[in-house]
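Structure at a glance
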Amino acid sequence: MPGLSSSTKAAHVKTMPTTTLPMQHYLKALHDKYRPLEEGAVATYIPELAKADPDAFGICIVTADGYTYAVGESDTPFTMQSVSKPAVYAAALADRGRENVLRKVGVEPSGEAFNSISLDPQSGAPLNPMINAGAIATAGLVAGDTAAEKWQRIEEIMSAFFGHSIVVDEAVHRSESETGFRNRAIAWMLKSFGIIDGDPMPVLENYFRQCAIRVTCRDLACMAATLANGGVHPVTGKRAVPAEDVQAVLSIMATCGMYDYAGSWLYEVGLPAKSGVSGGLLAVLPGRFGIAIFSPRLDENGNSTRGIAVCREISREFGLHVFGLAPAPSRVLSRIHTALDAPSRRLRSPLTSARLREVASGIKCLSLQGELAFDGAEFVVRSLMRLASDADSFILDMHRVTYLAYNAARLLHEASGALFAQGKVLVFSRIRGRATVEDALRSSLPDGEKGFLSFEDNDLAIEWCENRLIDHEAVSGSRTHIDSLAPFPLFAGMTQQCLEQLRKRMLAADYPAGAIIVSAGNEQDDRLFFIRDGEVSVVLTLADGAHQRVATLSSGMSFGEMVMLGQAARSAHVHADTAVSTWTLSSRILDEIAIDHPEIKIAILRNLSLDLAQKLRQANQLIAVLAA
Ligand code: GLU
């Protein structure tokens, strides 16, 4: 038997503790509700199928991020039958390309029975790949020169969909092969029209075998979730179907997946789906989850009676119809705040800060969320234009954007160009590691544009915009060389005499750009630093190892004061961003000075408390903005 595998391994599905989850309770209640539904009959035209337990009933959901909820007989094996058809169609599309497949198999609903011998009178092409004629033709299209190679390909795509190797139910396969005269006739018809090349019988045997692949409800839910997840199995992370073919497969399922009930199904349930005569049914909510039901009693259309009832109820109760109301475009804009509400952590001299505050509302940060396609982008662009008259710069925070369409990205670049023409800028923040967003922004750049400005976080973006304002609006005073102690806020209100006392006990310390001035954890160093020239950054190492800038300081500012408050170890690193000149004062020496001049230490501590109070106010204000 070509390519038969002998083992099935359970997919390593992330299953949560089942008793406590509300979702699990919901499915259990649904299962209890529909278990008494005993309408319909088990298929008997393939003799072996008649042996199925009519009462078997399983429901399984796998989310696009890989969580599984299963109730009832979710691990009972049954054969795939027609549910195999979308999977093999996906393989054919991937192997032959859309154009070649379309030449051999159409995409029109047939309105005739699944096993009808209906082909396009001109071309001989079956109407779609979900009726038997189309599915048999499709089995002949997958990659491979021989039937054995083609079977290997079918086996490969099924394993990718389920996340484990497959087995064929030999009894069911034999049973169908021995009785499938109509399918045999269809295969010869396809041969006569040139839709199948070579001997059609091995192709038909592969088709019978794909129908006899043994699956569980859980497997089918994984297959549905893989389609929901853009073709990647959400648990194994392996791609089963190229992303560009998923939409084609789902479209066929939406229009032709449910036999002669396809129209009513789309009307009422509104999810791409496929059912089979053994009682399996899977449905897909693109981007969200896959669901599968196993219950062998079939209605007059050949669909699982309980399967239809369960899907109808879930879709209605949760509003899952794919044509259901999409969120309003305004929802893509979750918040707007300005640099006045939340300035950067860059500390500046009091004069610069005051001047900056007067113009900081011109820096506007727009937090975007969700999917940015046509109308979402339109809404953002309209908001940018509306706000432009009193804006200097815009930051688009992309952190919560889950999808950015190519054309939406293009609209954003165009808006950026229009703003630039008015002397304003648009920058992005937090796109790193968001491949779809980054790709869309890069690939949609207008000709001649080299790139776009983007920052790791909002703080850096706001600082950049503040610097721009400082340069443009001549808000100056941030870069001066300091040669006396008077400008340092920590010494405010001290007499000249005291300052001289202090100055005498200070040491000069200069650092090249990039030097680490203070390392977090150091307990030996008890110095306070006074920046005379240059800039330093105070950086924390977060729990995940990432670095977070806490502040950037420049001339006229000081750091390391916490040692005076009894903190032995340094809490953060301090880096020299540029060449830096400092004066340093050891805390121990300050204590010595304080023996004769306690007023010096009192003044320093008072200034330090004023500074801490100001920082606390700023932190509270930021929390208020972020929590809004
Ligand atoms: N193997 C079955 C046939 O070709 C599949 C039918 C179905 O599930 O629709 O008749």
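Residues numbered from 1 in each chain as written. Predicted model: local features only at pLDDT ≥ 70, side-chain atom pairs only at ≥ 80, totals over all residues. Heavy atoms only, no water.

With respect to the overall build of the chain
Scanning the chain from N- to C-terminus turns up 20 helices and 21 strands. Its C-alpha radius of gyration of 34 Å places the chain more than 25% over the 25 Å reference for a compact globule of 628 residues. Taking the principal axes of its C-alpha atoms as reference, the chain extends roughly 110 × 50 × 45 Å. For the chain, with 628 residues in total, the buried portion stands at 52%. Across the chain, every contact between residues at least 6 apart in sequence was considered, and the portion connecting residues at least 24 apart equals 75%. With an accessible surface of roughly 28000 Å², the chain has 55% of that area assigned to carbon and sulfur atoms. Charge-centre separation for the chain: the mean point of 60 positive side chains lies 3 Å from the mean point of 70 negative side chains. (Helix = DSSP H or I, 4+ residues; strand = E, 2+ residues; numbered from the N terminus. Rg over C-alpha atoms; globule rule 2.2 N^0.38 Å. Buried < 20%, exposed > 50% of the residue type's maximum accessible area, 1.4 Å probe, protein only. Contact = heavy atoms within 4.5 Å. Areas by Shrake-Rupley, 256 points an atom, 1.4 Å probe, with all protein chains shown as cover. Lys, Arg positive; Asp, Glu negative; His and termini not counted. Charge placed at Lys NZ, Arg CZ, Asp CG, Glu CD.)

Considering the site of the ligand
Taken together, the residues surrounding the ligand are Tyr45, Gln81, Ser82, Phe114, Asn132, Glu176, Asn183, Tyr207, Cys211, Tyr259, Gly276 and Val277. In the model, an oxygen atom of the ligand is placed 2.7 Å from a nitrogen or oxygen of the tyrosine 207 side chain. A distance of 2.9 Å separates an oxygen atom of the ligand from a polar backbone atom of valine 277. Considering only residue class, the shell around the ligand consists of six nonpolar, five polar and one charged. (Near = heavy atom within 4 Å. Polar contact = N/O pair within 3.5 Å; in protein donor to acceptor, adjacent residues only side chain to side chain. Nonpolar A, V, L, I, M, F, W, Y, C, P; charged D, E, K, R; others polar.)

Notes on the state of the cysteines
Taken as a whole and assessed by the stated rule, the structure comprises zero disulfides. This cysteine, cysteine 211, is not joined by any disulfide, and cysteine 256 carries the nearest cysteine sulfur, 17 Å off. Not part of a disulfide, cysteine 365 finds its nearest cysteine sulfur in cysteine 465, a span of 8.8 Å. Overall, the relative accessible area of 1% leaves cysteine 365 in the buried class. (Disulfide = S-S within 2.5 Å.)

A word on the pattern of salt bridges
Note that side chains of opposite charge can pair when their charged atoms are close. In this structure the tally under the stated criterion is 25 salt bridges. The closest approach of N and O atoms between arginine 184 and glutamate 205, which form a salt bridge, is 3.6 Å. Remark: glutamate 205 occurs in helix H8 (residues 200-211) and arginine 184 occurs in helix H7 (residues 181-192); sequence separation between them is 21 residues. A salt bridge links glutamate 268 to arginine 312; the nearest nitrogen and oxygen atoms lie 2.8 Å apart. Residue glutamate 268 is located in helix H11 (residues 262-268), and its partner arginine 312 is located in helix H12 (residues 305-318); the two are separated by 44 residues in the primary sequence. Take arginine 312: its relative accessible area is 29%, and that puts it in the partly exposed class. Put simply, Asp95, Arg153 and Glu156 are held in one network by salt bridges that share partners. (Salt bridge = Lys/Arg side-chain N within 4 Å of Asp/Glu carboxyl O.)

Structural notes on the side chain of serine 393
Relative to the helices and strands, serine 393 resides in strand S11 (residues 393-404). When its relative accessible area of 0% is taken as the criterion, serine 393 is described as buried. Setting aside chain neighbours within four positions, we find serine 393 in contact with Gly362, Ile363, Lys364, Val425, Cys465 and Arg468.

Observations concerning the sheet that holds strand S21 (residues 580-586)
The antiparallel open sheet is built from four strands, whose spatial order is S14-S21-S16-S19. In the strand order of this sheet, the two ends are held by strand S14 (507-511) and strand S19 (558-559), each with one partner. Strand direction decides the pairing type here: strand S16 (residues 527-533) and S21, joined by six bridges, are antiparallel. Directly across from phenylalanine 530, in S21, lies its bridge partner tryptophan 583. (Pairing = 2+ DSSP bridges.)

A word on the nonpolar core
Counting 79 residues, the largest nonpolar core has Ile136, Met158, Phe161, Phe162, Ile213 and Leu282 as its most contacted members. At nine residues, helix H9 (residues 217-228) tops the list of elements feeding residues into this core. Beyond its immediate chain neighbours, meaning those up to four positions away, leucine 282 contacts Val83, Leu220, Met223, Ala224, Met253, Pro272, Ala273, Lys274, Ile291 and Ala292. One finds Val332, Ala409, Leu441 and Phe452 within the second-largest nonpolar core, a separate group that totals 32 residues. (Core = buried A, V, L, I, M, F, W, Y, C linked by side-chain atoms within 4.5 Å.)

Here we look at helix H19 (residues 587-596)
The complete set of buried residues in H19 reads Ser587, Ile589, Leu590, Ile593 and Ala594. End-on, the buried residues of H19 take up no more than an arc of 150°, which puts them together on one face. Along H19, the residues that are exposed and aim more than 90 degrees away from the buried face are Arg588, Ile595 and Asp596. Capping of H19 at its N-terminal end is provided by serine 586; its side-chain oxygen lies 3.2 Å from the backbone amide nitrogen of arginine 588. (Arc of directions from axis to C-beta.)

Concerning the sheet that holds strand S13 (residues 454-455)
The strand order S9-S10-S11-S12-S13 describes an open sheet built from five strands, whose pairing is mixed. Edge strands, defined here as strands with exactly one partner in the open sheet, are strand S9 (333-338) and S13. Where strand S12 (residues 425-429) and S13 come together, two bridges link them in parallel fashion. Following the sheet pairing, serine 429 is matched in S13 by phenylalanine 455.

Quick word on the packing of aromatic side chains
One pass over the full model with this rule turns up eleven aromatic pairs. A ring pair is formed by phenylalanine 428 and phenylalanine 452, whose centres lie 5.5 Å apart and whose planes are at 80°; its orientation type is edge-to-face. Placement of phenylalanine 428 in strand S12 and of phenylalanine 452 in the loop between helix H16 (435-443) and S13 is noted, with a sequence separation of 24 residues between them. According to the relative accessible area criterion, phenylalanine 428 is buried, its value standing at 1%. Overall, the relative accessible area of 18% leaves phenylalanine 452 in the buried class. On the numbers, 4.7 Å between centres and 5° between planes, the contact of phenylalanine 529 with phenylalanine 559 is stacked. Linking phenylalanine 529 in strand S16 with phenylalanine 559 in strand S19, this pair joins segments that are 30 residues apart in sequence. In this pair, the class of phenylalanine 529 matches that of phenylalanine 559, namely buried. Across the ring face of tryptophan 151, the terminal group of arginine 209 is positioned such that the distance to the ring centre comes to 5.4 Å. A cation sits over an aromatic face here: lysine 274 above tyrosine 259, 4.4 Å from the ring centre. (Phe/Tyr/Trp six-rings, centres within 6.5 Å; stacked < 30°, edge-to-face > 60°. Lys NZ or Arg CZ within 6 Å of the ring centre and 35° of its normal.)

Points about unusual backbone geometry
Even without glycine at this site, glutamine 81 takes up a positive phi of about 50°. Looking at the element boundaries, glutamine 81 is found in the loop between strand S4 (78-79) and helix H2 (84-96).

Here we look at the packing of helix H6 (residues 170-179) against H8
Across the interface, H6 lies against H8 with an axial gap of 8 Å and an inter-helix angle of 135°. The angle between H6 and H8 places the two elements in the oblique class. Crossing handedness for the pair H6 and H8: right-handed. Contacts between H6 and H8 pair His173, Glu176 and Ser177 from the former with Glu205, Phe208, Arg209 and Cys211 from the latter. By residue class, the composition of the contact of H6 with H8 is two nonpolar, two polar and three charged. (Axes fitted to C-alpha atoms, helices over the stretch in contact; angles between N-to-C directions. Parallel < 35°, antiparallel > 145°, perpendicular 65-115°, else oblique. Left-handed = near helix turned anticlockwise from the far one by under 90°.)

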